[in-house]
Amino acid sequence: MKRRPVLAFGALVAAAGISVGAFFVAKDKKDKDDKERSEIAADKNLLDFDSSAVKKIEFSCTDGNYTAELKEVNGESEWTLTSGGDFALDQSYLQNVCTYSSKLTAEESYSNDKDKLAEYGLDEPETIELFTDDNSYKIYVGTVSPTLDYYYISVDGKDKVYTIDSMYGSVLRANHVMLRTKKLIPYKSNEIKQVIVKKGDTVSYDLTHDISSDTWSFPAEYSMLEPNQTQLHSLSLILPKVQAALDNMRDEDPSDLKQYGLDKPTYTMTVKGTDGTERNILVNSSFDPENNCSCTYIKETGQVMIFHSDDIAFIQRGYLAFVTTSITHAELSDIKGFEFTSGDIDIKAVYDDATHKLTLNDKELDLNGSESAAATPFTNFFSTIAAETIVDIDIKSDPELKDPQFTAVFHKTDGSDITYQLTDAGNEKCYVFINGKYTGALVSSDILSGMNSAPYFYKKFAEEAGLSK
(Lines give C-alpha, C1' and ligand atoms only; values in the text may rest on other atoms or scores of the structure.)
Protein backbone atom coordinates (compact mmCIF):
# COMPACT_ATOMS: atom_id res chain seq x y z
CA MET A 1 0.00 0.00 0.00
CA LYS A 2 2.88 2.40 0.65
CA ARG A 3 4.05 2.09 -2.91
CA ARG A 4 0.90 3.61 -4.39
CA PRO A 5 1.95 7.26 -3.90
CA VAL A 6 5.18 6.46 -5.70
CA LEU A 7 3.27 4.92 -8.57
CA ALA A 8 0.87 7.86 -8.60
CA PHE A 9 3.77 10.30 -8.71
CA GLY A 10 5.37 8.33 -11.54
CA ALA A 11 2.13 8.45 -13.50
CA LEU A 12 1.93 12.18 -12.90
CA VAL A 13 5.49 12.71 -14.12
CA ALA A 14 4.80 10.61 -17.20
CA ALA A 15 1.68 12.61 -17.93
CA ALA A 16 3.61 15.84 -17.46
CA GLY A 17 6.27 14.60 -19.83
CA ILE A 18 3.66 13.93 -22.49
CA SER A 19 2.15 17.42 -21.91
CA VAL A 20 5.55 19.16 -22.11
CA GLY A 21 6.41 17.22 -25.24
CA ALA A 22 3.14 18.19 -26.89
CA PHE A 23 3.77 21.82 -25.97
CA PHE A 24 7.19 21.85 -27.65
CA VAL A 25 5.79 20.11 -30.73
CA ALA A 26 2.99 22.69 -30.98
CA LYS A 27 5.41 25.56 -30.41
CA ASP A 28 7.78 24.24 -33.04
CA LYS A 29 4.90 24.04 -35.56
CA LYS A 30 3.80 27.58 -34.73
CA ASP A 31 7.35 28.86 -35.13
CA LYS A 32 7.59 27.17 -38.50
CA ASP A 33 4.21 28.56 -39.57
CA ASP A 34 5.19 32.05 -38.42
CA LYS A 35 8.48 31.78 -40.26
CA GLU A 36 6.74 30.57 -43.40
CA ARG A 37 4.22 33.41 -43.22
CA SER A 38 7.04 35.88 -42.63
CA GLU A 39 8.97 34.52 -45.60
CA ILE A 40 5.86 34.72 -47.80
CA ALA A 41 5.22 38.28 -46.67
CA ALA A 42 8.85 39.22 -47.27
CA ASP A 43 8.74 37.59 -50.68
CA LYS A 44 5.69 39.70 -51.62
CA ASN A 45 7.44 42.92 -50.62
CA LEU A 46 9.08 43.37 -53.98
CA LEU A 47 10.63 46.81 -53.73
CA ASP A 48 11.13 49.32 -50.94
CA PHE A 49 13.01 52.56 -51.57
CA ASP A 50 12.64 56.34 -51.35
CA SER A 51 10.64 57.47 -54.36
CA SER A 52 12.03 61.01 -54.12
CA ALA A 53 15.55 59.65 -54.66
CA VAL A 54 14.82 58.53 -58.24
CA LYS A 55 16.76 60.64 -60.76
CA LYS A 56 16.29 58.67 -63.97
CA ILE A 57 13.82 56.17 -65.41
CA GLU A 58 14.34 54.00 -68.49
CA PHE A 59 11.27 52.60 -70.23
CA SER A 60 11.40 49.76 -72.71
CA CYS A 61 7.93 49.66 -74.28
CA THR A 62 6.33 47.94 -77.23
CA ASP A 63 6.32 51.27 -79.08
CA GLY A 64 9.87 52.35 -78.26
CA ASN A 65 12.53 52.99 -75.65
CA TYR A 66 12.46 56.19 -73.63
CA THR A 67 14.64 57.78 -70.98
CA ALA A 68 13.33 60.38 -68.55
CA GLU A 69 15.65 62.32 -66.28
CA LEU A 70 14.93 64.71 -63.44
CA LYS A 71 16.46 68.06 -64.33
CA GLU A 72 16.46 71.59 -62.99
CA VAL A 73 14.21 73.79 -65.17
CA ASN A 74 13.70 77.43 -64.18
CA GLY A 75 14.66 76.63 -60.61
CA GLU A 76 12.33 73.63 -60.31
CA SER A 77 12.87 69.89 -60.71
CA GLU A 78 11.13 68.58 -63.80
CA TRP A 79 11.10 65.28 -65.67
CA THR A 80 12.60 65.71 -69.12
CA LEU A 81 12.74 63.24 -72.01
CA THR A 82 16.44 62.75 -72.86
CA SER A 83 16.07 59.93 -75.41
CA GLY A 84 13.36 58.25 -77.44
CA GLY A 85 11.50 61.26 -78.79
CA ASP A 86 10.82 64.96 -78.57
CA PHE A 87 7.77 65.69 -76.44
CA ALA A 88 6.93 67.11 -73.03
CA LEU A 89 6.40 64.54 -70.30
CA ASP A 90 3.42 63.99 -68.04
CA GLN A 91 4.94 65.02 -64.71
CA SER A 92 2.17 63.41 -62.65
CA TYR A 93 2.53 60.12 -64.48
CA LEU A 94 6.30 59.99 -63.87
CA GLN A 95 5.72 60.74 -60.20
CA ASN A 96 3.15 57.94 -59.99
CA VAL A 97 5.63 55.50 -61.50
CA CYS A 98 8.14 56.41 -58.80
CA THR A 99 5.55 56.24 -56.02
CA TYR A 100 3.99 52.92 -57.03
CA SER A 101 7.35 51.27 -57.70
CA SER A 102 8.96 52.36 -54.43
CA LYS A 103 6.53 50.32 -52.30
CA LEU A 104 5.72 47.57 -54.77
CA THR A 105 3.89 44.66 -53.11
CA ALA A 106 2.64 41.48 -54.79
CA GLU A 107 -0.70 39.82 -54.17
CA GLU A 108 0.31 36.31 -55.29
CA SER A 109 3.44 34.57 -56.52
CA TYR A 110 4.11 31.71 -58.95
CA SER A 111 7.16 29.69 -59.86
CA ASN A 112 9.21 31.18 -62.66
CA ASP A 113 8.53 28.40 -65.12
CA LYS A 114 10.08 29.35 -68.45
CA ASP A 115 7.46 27.32 -70.33
CA LYS A 116 4.73 29.52 -68.86
CA LEU A 117 6.34 32.93 -69.26
CA ALA A 118 4.48 33.54 -72.53
CA GLU A 119 1.17 33.02 -70.68
CA TYR A 120 2.17 35.83 -68.37
CA GLY A 121 3.47 38.07 -71.13
CA LEU A 122 6.89 37.85 -69.52
CA ASP A 123 8.68 36.12 -72.40
CA GLU A 124 9.04 39.56 -74.00
CA PRO A 125 8.11 41.95 -71.18
CA GLU A 126 8.09 45.69 -71.07
CA THR A 127 10.59 47.00 -68.54
CA ILE A 128 10.93 49.99 -66.25
CA GLU A 129 14.25 50.66 -64.56
CA LEU A 130 14.50 53.35 -61.92
CA PHE A 131 17.86 54.84 -60.93
CA THR A 132 18.92 56.58 -57.74
CA ASP A 133 22.42 57.82 -57.01
CA ASP A 134 23.31 54.47 -55.43
CA ASN A 135 21.02 51.78 -56.86
CA SER A 136 18.76 50.76 -59.70
CA TYR A 137 15.48 48.84 -59.59
CA LYS A 138 14.18 46.97 -62.61
CA ILE A 139 10.61 45.79 -63.11
CA TYR A 140 9.48 43.44 -65.88
CA VAL A 141 5.83 44.01 -66.77
CA GLY A 142 3.73 41.32 -68.45
CA THR A 143 0.11 41.23 -69.48
CA VAL A 144 -3.12 41.67 -67.59
CA SER A 145 -4.84 38.57 -66.21
CA PRO A 146 -7.88 37.09 -68.01
CA THR A 147 -10.10 38.50 -65.25
CA LEU A 148 -8.47 41.95 -65.63
CA ASP A 149 -7.87 42.00 -61.88
CA TYR A 150 -4.08 42.05 -61.89
CA TYR A 151 -0.90 42.19 -63.97
CA TYR A 152 1.93 39.68 -64.06
CA ILE A 153 5.37 41.07 -63.25
CA SER A 154 8.84 40.07 -62.08
CA VAL A 155 11.64 42.11 -60.58
CA ASP A 156 15.41 41.88 -60.44
CA GLY A 157 16.57 39.99 -57.37
CA LYS A 158 13.46 37.80 -57.17
CA ASP A 159 13.06 34.42 -58.85
CA LYS A 160 9.27 34.24 -59.10
CA VAL A 161 6.42 35.60 -61.14
CA TYR A 162 4.15 37.91 -59.17
CA THR A 163 0.74 39.53 -59.57
CA ILE A 164 -0.02 43.11 -58.64
CA ASP A 165 -3.30 45.00 -58.61
CA SER A 166 -4.35 45.98 -62.13
CA MET A 167 -4.53 49.66 -61.17
CA TYR A 168 -0.80 49.69 -60.41
CA GLY A 169 0.01 47.38 -63.30
CA SER A 170 -1.74 49.64 -65.80
CA VAL A 171 0.50 52.50 -64.66
CA LEU A 172 3.68 50.45 -64.99
CA ARG A 173 2.83 49.08 -68.43
CA ALA A 174 3.84 52.27 -70.19
CA ASN A 175 3.72 53.62 -73.72
CA HIS A 176 4.60 56.97 -75.24
CA VAL A 177 1.01 58.24 -74.98
CA MET A 178 1.10 57.64 -71.24
CA LEU A 179 4.48 59.33 -71.03
CA ARG A 180 3.62 62.50 -72.89
CA THR A 181 1.83 65.41 -71.28
CA LYS A 182 -1.96 65.56 -71.48
CA LYS A 183 -2.03 69.30 -70.79
CA LEU A 184 -3.59 71.73 -73.21
CA ILE A 185 -0.67 74.16 -72.84
CA PRO A 186 2.90 73.68 -71.53
CA TYR A 187 3.04 76.96 -69.58
CA LYS A 188 2.62 77.78 -65.92
CA SER A 189 0.42 80.70 -64.92
CA ASN A 190 3.32 83.16 -64.72
CA GLU A 191 4.65 81.98 -68.08
CA ILE A 192 1.59 83.00 -70.12
CA LYS A 193 2.24 86.17 -72.10
CA GLN A 194 -0.82 86.40 -74.33
CA VAL A 195 -4.11 84.61 -75.02
CA ILE A 196 -6.01 85.15 -78.27
CA VAL A 197 -9.29 83.40 -79.09
CA LYS A 198 -11.12 83.65 -82.40
CA LYS A 199 -14.56 82.41 -83.38
CA GLY A 200 -14.23 81.88 -87.09
CA ASP A 201 -12.37 84.97 -88.26
CA THR A 202 -13.65 87.21 -85.45
CA VAL A 203 -11.49 87.85 -82.39
CA SER A 204 -13.45 86.94 -79.26
CA TYR A 205 -10.74 88.32 -76.98
CA ASP A 206 -7.09 89.28 -77.05
CA LEU A 207 -5.46 89.42 -73.61
CA THR A 208 -1.89 90.47 -72.83
CA HIS A 209 -0.11 89.67 -69.56
CA ASP A 210 2.51 92.03 -68.11
CA ILE A 211 4.61 89.59 -66.10
CA SER A 212 6.49 92.26 -64.13
CA SER A 213 3.33 93.84 -62.71
CA ASP A 214 1.22 90.68 -63.03
CA THR A 215 -1.59 92.61 -64.70
CA TRP A 216 -3.61 91.96 -67.84
CA SER A 217 -4.63 94.41 -70.54
CA PHE A 218 -6.77 94.68 -73.69
CA PRO A 219 -5.84 96.03 -77.13
CA ALA A 220 -5.82 99.83 -77.54
CA GLU A 221 -9.35 100.04 -78.96
CA TYR A 222 -10.67 98.64 -75.66
CA SER A 223 -8.71 101.12 -73.55
CA MET A 224 -11.85 102.73 -72.09
CA LEU A 225 -12.94 99.40 -70.62
CA GLU A 226 -11.45 98.30 -67.33
CA PRO A 227 -9.97 94.77 -67.27
CA ASN A 228 -11.31 92.61 -64.47
CA GLN A 229 -8.00 91.42 -63.03
CA THR A 230 -9.69 88.83 -60.82
CA GLN A 231 -11.33 87.12 -63.80
CA LEU A 232 -8.15 87.37 -65.85
CA HIS A 233 -6.00 85.87 -63.10
CA SER A 234 -8.57 83.09 -62.78
CA LEU A 235 -8.15 82.31 -66.48
CA SER A 236 -4.36 82.24 -66.13
CA LEU A 237 -4.71 79.76 -63.26
CA ILE A 238 -7.22 77.53 -65.06
CA LEU A 239 -5.41 77.25 -68.40
CA PRO A 240 -2.30 75.42 -67.11
CA LYS A 241 -4.48 72.89 -65.26
CA VAL A 242 -6.57 71.79 -68.24
CA GLN A 243 -5.57 68.26 -69.25
CA ALA A 244 -7.18 65.34 -71.02
CA ALA A 245 -7.82 61.89 -69.59
CA LEU A 246 -5.56 59.17 -70.97
CA ASP A 247 -8.34 57.55 -73.02
CA ASN A 248 -9.11 60.95 -74.57
CA MET A 249 -5.66 61.25 -76.14
CA ARG A 250 -7.09 60.32 -79.51
CA ASP A 251 -4.60 60.81 -82.33
CA GLU A 252 -1.18 62.12 -83.29
CA ASP A 253 -0.38 63.95 -86.51
CA PRO A 254 -3.65 62.96 -88.21
CA SER A 255 -3.57 63.08 -92.00
CA ASP A 256 -7.12 64.40 -92.13
CA LEU A 257 -8.57 66.82 -89.58
CA LYS A 258 -11.99 66.60 -91.20
CA GLN A 259 -12.79 63.37 -89.35
CA TYR A 260 -12.68 65.39 -86.12
CA GLY A 261 -14.52 68.39 -87.54
CA LEU A 262 -11.33 70.40 -87.16
CA ASP A 263 -10.88 71.32 -90.81
CA LYS A 264 -13.29 74.18 -90.07
CA PRO A 265 -12.91 74.66 -86.31
CA THR A 266 -15.46 76.56 -84.26
CA TYR A 267 -12.69 78.35 -82.40
CA THR A 268 -8.96 78.83 -82.65
CA MET A 269 -6.87 79.69 -79.63
CA THR A 270 -3.31 80.97 -79.49
CA VAL A 271 -1.42 80.97 -76.20
CA LYS A 272 2.00 82.62 -76.19
CA GLY A 273 4.62 81.90 -73.56
CA THR A 274 7.29 84.14 -72.09
CA ASP A 275 9.91 81.82 -73.60
CA GLY A 276 8.94 82.88 -77.12
CA THR A 277 7.02 79.70 -77.96
CA GLU A 278 3.31 79.41 -78.57
CA ARG A 279 0.51 76.88 -78.86
CA ASN A 280 -2.09 77.16 -81.62
CA ILE A 281 -5.16 75.12 -80.80
CA LEU A 282 -8.12 74.27 -83.03
CA VAL A 283 -11.42 73.54 -81.25
CA ASN A 284 -14.55 71.80 -82.49
CA SER A 285 -17.02 72.65 -79.72
CA SER A 286 -19.78 70.49 -81.22
CA PHE A 287 -17.74 67.29 -81.58
CA ASP A 288 -19.92 65.21 -79.23
CA PRO A 289 -22.95 67.26 -78.12
CA GLU A 290 -24.63 64.27 -76.48
CA ASN A 291 -21.77 63.98 -73.98
CA ASN A 292 -20.93 67.69 -74.06
CA CYS A 293 -17.42 67.07 -75.36
CA SER A 294 -15.16 69.20 -77.55
CA CYS A 295 -12.32 68.04 -79.77
CA THR A 296 -9.01 69.92 -79.92
CA TYR A 297 -5.91 69.77 -82.10
CA ILE A 298 -2.60 71.33 -81.07
CA LYS A 299 -0.68 72.28 -84.20
CA GLU A 300 2.76 72.32 -82.57
CA THR A 301 2.48 68.81 -81.09
CA GLY A 302 0.10 67.25 -83.63
CA GLN A 303 -2.00 65.96 -80.73
CA VAL A 304 -5.77 65.43 -80.95
CA MET A 305 -7.47 65.43 -77.55
CA ILE A 306 -11.04 65.32 -76.26
CA PHE A 307 -12.19 67.53 -73.38
CA HIS A 308 -15.45 67.94 -71.57
CA SER A 309 -16.71 71.25 -72.90
CA ASP A 310 -17.18 72.62 -69.37
CA ASP A 311 -13.43 72.22 -68.78
CA ILE A 312 -12.66 74.60 -71.64
CA ALA A 313 -15.73 76.83 -71.34
CA PHE A 314 -13.42 79.87 -71.39
CA ILE A 315 -12.97 79.27 -75.12
CA GLN A 316 -16.56 80.42 -75.70
CA ARG A 317 -16.27 83.67 -73.79
CA GLY A 318 -15.88 87.21 -75.09
CA TYR A 319 -14.47 90.45 -73.71
CA LEU A 320 -17.53 90.88 -71.51
CA ALA A 321 -16.33 87.99 -69.34
CA PHE A 322 -13.07 89.84 -68.61
CA VAL A 323 -14.34 93.39 -68.19
CA THR A 324 -15.19 95.06 -64.90
CA THR A 325 -18.93 95.35 -65.50
CA SER A 326 -19.85 97.37 -62.41
CA ILE A 327 -18.36 100.86 -62.62
CA THR A 328 -18.84 103.69 -60.14
CA HIS A 329 -18.05 107.09 -61.65
CA ALA A 330 -18.38 109.13 -58.49
CA GLU A 331 -18.87 108.83 -54.73
CA LEU A 332 -20.73 111.40 -52.64
CA SER A 333 -17.64 111.87 -50.51
CA ASP A 334 -15.61 112.84 -53.61
CA ILE A 335 -17.91 115.44 -55.20
CA LYS A 336 -18.86 119.05 -54.60
CA GLY A 337 -21.78 119.05 -57.00
CA PHE A 338 -23.45 117.42 -59.98
CA GLU A 339 -25.96 117.94 -62.79
CA PHE A 340 -28.43 115.41 -64.10
CA THR A 341 -30.74 115.49 -67.12
CA SER A 342 -33.07 112.72 -68.31
CA GLY A 343 -36.57 113.12 -69.75
CA ASP A 344 -38.31 115.88 -67.79
CA ILE A 345 -35.73 115.85 -65.01
CA ASP A 346 -33.16 118.64 -65.18
CA ILE A 347 -31.36 119.37 -61.93
CA LYS A 348 -28.23 121.11 -60.74
CA ALA A 349 -26.89 120.38 -57.28
CA VAL A 350 -24.20 121.62 -54.92
CA TYR A 351 -23.23 119.16 -52.19
CA ASP A 352 -21.14 119.35 -49.01
CA ASP A 353 -20.36 115.88 -47.70
CA ALA A 354 -19.01 117.24 -44.39
CA THR A 355 -22.35 118.82 -43.46
CA HIS A 356 -24.61 116.67 -45.67
CA LYS A 357 -26.10 119.86 -47.05
CA LEU A 358 -27.52 119.74 -50.58
CA THR A 359 -28.57 122.71 -52.67
CA LEU A 360 -30.77 121.46 -55.48
CA ASN A 361 -32.00 123.94 -58.09
CA ASP A 362 -31.47 126.72 -55.51
CA LYS A 363 -33.37 124.84 -52.78
CA GLU A 364 -31.28 123.91 -49.73
CA LEU A 365 -31.83 120.53 -48.07
CA ASP A 366 -30.34 119.04 -44.93
CA LEU A 367 -29.62 115.36 -45.60
CA ASN A 368 -28.33 114.44 -42.18
CA GLY A 369 -29.29 110.80 -41.89
CA SER A 370 -30.64 111.02 -38.36
CA GLU A 371 -32.85 114.04 -39.11
CA SER A 372 -33.88 113.78 -42.75
CA ALA A 373 -36.25 111.23 -44.26
CA ALA A 374 -34.88 112.23 -47.65
CA ALA A 375 -31.31 111.10 -46.90
CA THR A 376 -31.70 107.48 -47.91
CA PRO A 377 -33.84 108.18 -51.02
CA PHE A 378 -31.23 110.73 -52.12
CA THR A 379 -28.40 108.21 -51.67
CA ASN A 380 -30.37 105.65 -53.69
CA PHE A 381 -30.97 108.17 -56.46
CA PHE A 382 -27.33 109.31 -56.56
CA SER A 383 -26.06 105.72 -56.67
CA THR A 384 -28.28 105.11 -59.69
CA ILE A 385 -26.88 108.00 -61.73
CA ALA A 386 -23.27 107.60 -60.57
CA ALA A 387 -22.79 103.94 -61.52
CA GLU A 388 -23.18 101.77 -64.58
CA THR A 389 -23.56 98.03 -65.11
CA ILE A 390 -22.22 96.91 -68.47
CA VAL A 391 -24.41 94.31 -70.19
CA ASP A 392 -22.73 94.16 -73.59
CA ILE A 393 -19.68 95.31 -75.54
CA ASP A 394 -19.69 96.59 -79.12
CA ILE A 395 -16.36 98.08 -80.06
CA LYS A 396 -17.10 98.02 -83.79
CA SER A 397 -19.94 100.50 -83.62
CA ASP A 398 -19.23 104.22 -83.87
CA PRO A 399 -22.34 105.85 -82.46
CA GLU A 400 -22.83 109.59 -82.54
CA LEU A 401 -23.29 111.47 -79.30
CA LYS A 402 -26.58 113.08 -80.33
CA ASP A 403 -29.70 113.70 -78.25
CA PRO A 404 -28.47 111.83 -75.16
CA GLN A 405 -31.26 110.31 -73.09
CA PHE A 406 -29.25 110.48 -69.90
CA THR A 407 -26.55 112.93 -68.83
CA ALA A 408 -24.85 113.06 -65.43
CA VAL A 409 -21.97 115.48 -64.80
CA PHE A 410 -20.00 115.12 -61.57
CA HIS A 411 -17.80 117.92 -60.22
CA LYS A 412 -15.17 116.30 -58.04
CA THR A 413 -13.42 117.84 -55.06
CA ASP A 414 -10.06 117.44 -56.81
CA GLY A 415 -11.21 119.89 -59.49
CA SER A 416 -11.88 117.34 -62.23
CA ASP A 417 -15.21 116.63 -63.91
CA ILE A 418 -16.63 113.44 -65.36
CA THR A 419 -19.57 113.34 -67.74
CA TYR A 420 -21.53 110.10 -68.08
CA GLN A 421 -24.04 109.96 -70.98
CA LEU A 422 -26.28 107.39 -72.67
CA THR A 423 -27.77 107.23 -76.17
CA ASP A 424 -30.21 104.74 -77.63
CA ALA A 425 -28.58 101.58 -79.06
CA GLY A 426 -31.79 99.66 -79.79
CA ASN A 427 -32.60 96.21 -78.39
CA GLU A 428 -33.31 97.81 -74.98
CA LYS A 429 -29.71 98.92 -74.63
CA CYS A 430 -27.85 102.22 -74.47
CA TYR A 431 -24.39 103.23 -75.68
CA VAL A 432 -22.14 104.59 -72.94
CA PHE A 433 -20.14 107.80 -73.42
CA ILE A 434 -17.63 109.13 -70.92
CA ASN A 435 -16.47 112.71 -71.33
CA GLY A 436 -17.94 112.74 -74.82
CA LYS A 437 -16.20 109.57 -76.03
CA TYR A 438 -17.88 106.24 -76.78
CA THR A 439 -16.45 103.57 -74.46
CA GLY A 440 -17.52 100.44 -76.35
CA ALA A 441 -19.84 99.49 -73.48
CA LEU A 442 -23.63 99.19 -73.42
CA VAL A 443 -25.99 99.28 -70.46
CA SER A 444 -29.61 98.26 -70.12
CA SER A 445 -32.20 100.89 -71.02
CA ASP A 446 -33.87 100.00 -67.69
CA ILE A 447 -31.85 102.92 -66.32
CA LEU A 448 -34.20 105.27 -68.21
CA SER A 449 -37.57 103.99 -67.01
CA GLY A 450 -39.20 101.47 -64.73
CA MET A 451 -38.78 100.38 -61.12
CA ASN A 452 -34.96 100.52 -61.13
CA SER A 453 -34.55 103.65 -63.21
CA ALA A 454 -32.96 106.98 -62.28
CA PRO A 455 -36.32 108.83 -62.77
CA TYR A 456 -38.04 106.38 -60.42
CA PHE A 457 -35.51 106.92 -57.62
CA TYR A 458 -35.50 110.67 -58.20
CA LYS A 459 -39.28 110.71 -57.80
CA LYS A 460 -39.01 108.87 -54.47
CA PHE A 461 -36.39 111.36 -53.28
CA ALA A 462 -38.39 114.36 -54.48
CA GLU A 463 -41.46 113.17 -52.59
CA GLU A 464 -39.54 112.87 -49.32
CA ALA A 465 -37.74 116.19 -49.87
CA GLY A 466 -40.91 118.06 -50.74
CA LEU A 467 -39.80 118.91 -54.29
CA SER A 468 -42.25 119.41 -57.12
CA LYS A 469 -40.48 116.84 -59.33
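Being a predicted model, the structure only gives us computed values, none of them experimental.

1. What about the packing of helix 7 (residues 375–386) against helix 8 (residues 454–465)?
For step 1, the next point in the chain: Here helix 7 crosses helix 8 at 155°, and the two axes come no closer than 8 Å. Overall, the two elements helix 7 and helix 8 adopt an arrangement that is roughly antiparallel. When the axes of helix 7 and helix 8 are compared, the crossing they make is left-handed. On the side of helix 7, the interface is formed by P377, F378, N380, F381, T384 and I385, while helix 8 contributes A454, F457, Y458, K460, F461 and E464.
For step 2, the next point in the chain: For the contact of helix 7 with helix 8, a count of residues per class yields 8 nonpolar, 2 polar and 2 charged.

2. Concerning the environment of H411
For step 1, the next point in the chain: For H411, the position within the fold is in strand 23 (residues 406–412).
For step 2, the next point in the chain: In sequence terms H411 and A349 are 62 residues apart; their C-alpha atoms lie 9.9 Å from each other.
For step 3, the next point in the chain: What H411 contacts, discounting residues up to four positions off in sequence, is I335, K336, G337, F338, E339, S416 and D417.
For step 4, the next point in the chain: Of the polar contacts made by the side chain of H411, one reaches the side chain of D417; its length is 3.0 Å.

3. Here's the deal with the pattern of salt bridges
For step 1, the next point in the chain: Under the criterion given, the structure shown has 10 salt bridges.
For step 2, the next point in the chain: Between K188 and E76 there is a salt bridge whose closest N-O contact spans 4.0 Å. You can see K188 sitting in the loop between helix 5 (176–179) and strand 9 (192–199) and its partner E76 sitting in strand 3 (residues 76–83), a full 112 residues away along the chain.
For step 3, the next point in the chain: Classification of E76 by relative accessible area gives partly exposed; the value is 41%.
For step 4, the next point in the chain: The partner of E78 in a salt bridge is K188, with the nearest N and O atoms 3.9 Å apart. In this pair, E78 sits in strand 3 while K188 sits in the loop between helix 5 and strand 9, placing the two residues 110 residues apart along the sequence.
For step 5, the next point in the chain: Under the relative-accessibility criterion, K188 is labelled partly exposed at 35%.
For step 6, the next point in the chain: Connected through shared salt-bridge partners, D43, K158 and K160 make up one network.

4. Some points on the packing of aromatic side chains
What characterises a pair of aromatic rings is the spacing of the ring centres plus the angle enclosed by the ring planes.
For step 1, the next point in the chain: What the rule picks out here adds up to 25 aromatic pairs.
For step 2, the next point in the chain: Consider the rings of F49 and Y137, whose centres lie 4.2 Å apart with planes at 10°: the pair is stacked. With F49 in the loop between helix 1 (4–44) and strand 1 (56–61) and Y137 in strand 6 (residues 136–144), the pair connects residues that are 88 residues apart, well separated along the chain.
For step 3, the next point in the chain: Classification of Y137 as buried rests on a relative accessible area of 17%.
For step 4, the next point in the chain: Here the aromatic rings of Y222 and Y319 are separated by 3.9 Å at their centres, their planes lie at 25°, and the arrangement is stacked. Residue Y222 is found in the loop between strand 11 (215–217) and helix 6 (229–238), and its partner Y319 is found in the loop between strand 16 (303–308) and strand 17 (326–328); the two are separated by 97 residues along the sequence. Exposure class is identical for Y222 and Y319. Each is buried.

5. Notes on the environment of S101
For step 1, the next point in the chain: Topologically, S101 is positioned in helix 2 (residues 91–102).
For step 2, the next point in the chain: For the pair S101 and K241, spaced 140 residues apart in sequence, the C-alpha separation works out to 26 Å.
For step 3, the next point in the chain: Apart from residues no more than four positions distant in its own chain, S101 is found in contact with L47, F49, L130, I139 and L172.
For step 4, the next point in the chain: One polar contact links the side chain of S101 to the main-chain carbonyl oxygen of V97, over a distance of 2.7 Å.

6. With respect to the nonpolar core
For step 1, the next point in the chain: In this structure, F338 and F461 are the most contacted members of the largest nonpolar core, which totals 73 residues.
For step 2, the next point in the chain: Ignoring any residue separated from it by four or fewer positions in sequence, one finds F338 in contact with I347, K348, A349, L358, F378, F381, F382, I385, V409, F410 and H411.
For step 3, the next point in the chain: Counting residues in each nonpolar core, the second largest holds 34 residues, with F59, L89, I153 and L179 among its members.

7. Quick notes on the pairing of strand 10 (residues 202–210)
For step 1, the next point in the chain: One ladder, built from 6 bridges, connects strand 9 with strand 10; its direction is antiparallel. Looking at the pairing, I196 lines up with D206 of strand 10.
For step 2, the next point in the chain: Here strand 9 folds back onto strand 10 in antiparallel fashion, the turn holding 2 residues, of which G200 has a positive phi close to 65°.
For step 3, the next point in the chain: In the sheet, strand 10 pairs with strand 11 via 3 bridges, with the strands oriented antiparallel. Within strand 11, the position partnered with H209 by the bridge is W216.
For step 4, the next point in the chain: The loop that links strand 10 with its antiparallel partner strand 11 comprises 4 residues; one of these, D214, has a positive phi angle of about 55°.

8. Section: the sheet that holds strand 20 (residues 357–360)
For step 1, the next point in the chain: A sheet is described by the order of its strands in space; here 10 strands give the open sequence 17-22-26-25-24-23-18-19-20-21, paired in antiparallel fashion. Edge strands, defined here as strands with exactly one partner in the open sheet, are strand 17 and strand 21 (363–366). This sheet shows a mean twist of 30° between the axes of neighbouring strands, independent of strand direction.
For step 2, the next point in the chain: Sheet topology note: the strand 18 (residues 335–342)/strand 23 ladder contains 6 bridges and is antiparallel. What sits directly across from G337, in strand 23, is H411.
For step 3, the next point in the chain: Running at roughly 75° to strand 18, helix 7 makes contact with strand 17, strand 18, strand 19 (345–352), strand 20, strand 22 (387–393), strand 23 and strand 24 (417–426) of the sheet.

Cut-offs and rules
- Residues numbered from 1 in each chain as written.
- Predicted model: local features only at pLDDT ≥ 70, side-chain atom pairs only at ≥ 80, totals over all residues.
- Heavy atoms only, no water.
- Axes fitted to C-alpha atoms, helices over the stretch in contact; angles between N-to-C directions.
- Helix = DSSP H or I, 4+ residues; strand = E, 2+ residues; numbered from the N terminus.
- Parallel < 35°, antiparallel > 145°, perpendicular 65-115°, else oblique.
- Left-handed = near helix turned anticlockwise from the far one by under 90°.
- Contact = heavy atoms within 4.5 Å.
- Nonpolar A, V, L, I, M, F, W, Y, C, P; charged D, E, K, R; others polar.
- Polar contact = N/O pair within 3.5 Å; in protein donor to acceptor, adjacent residues only side chain to side chain.
- Salt bridge = Lys/Arg side-chain N within 4 Å of Asp/Glu carboxyl O.
- Buried < 20%, exposed > 50% of the residue type's maximum accessible area, 1.4 Å probe, protein only.
- Phe/Tyr/Trp six-rings, centres within 6.5 Å; stacked < 30°, edge-to-face > 60°.
- Core = buried A, V, L, I, M, F, W, Y, C linked by side-chain atoms within 4.5 Å.
- Pairing = 2+ DSSP bridges.

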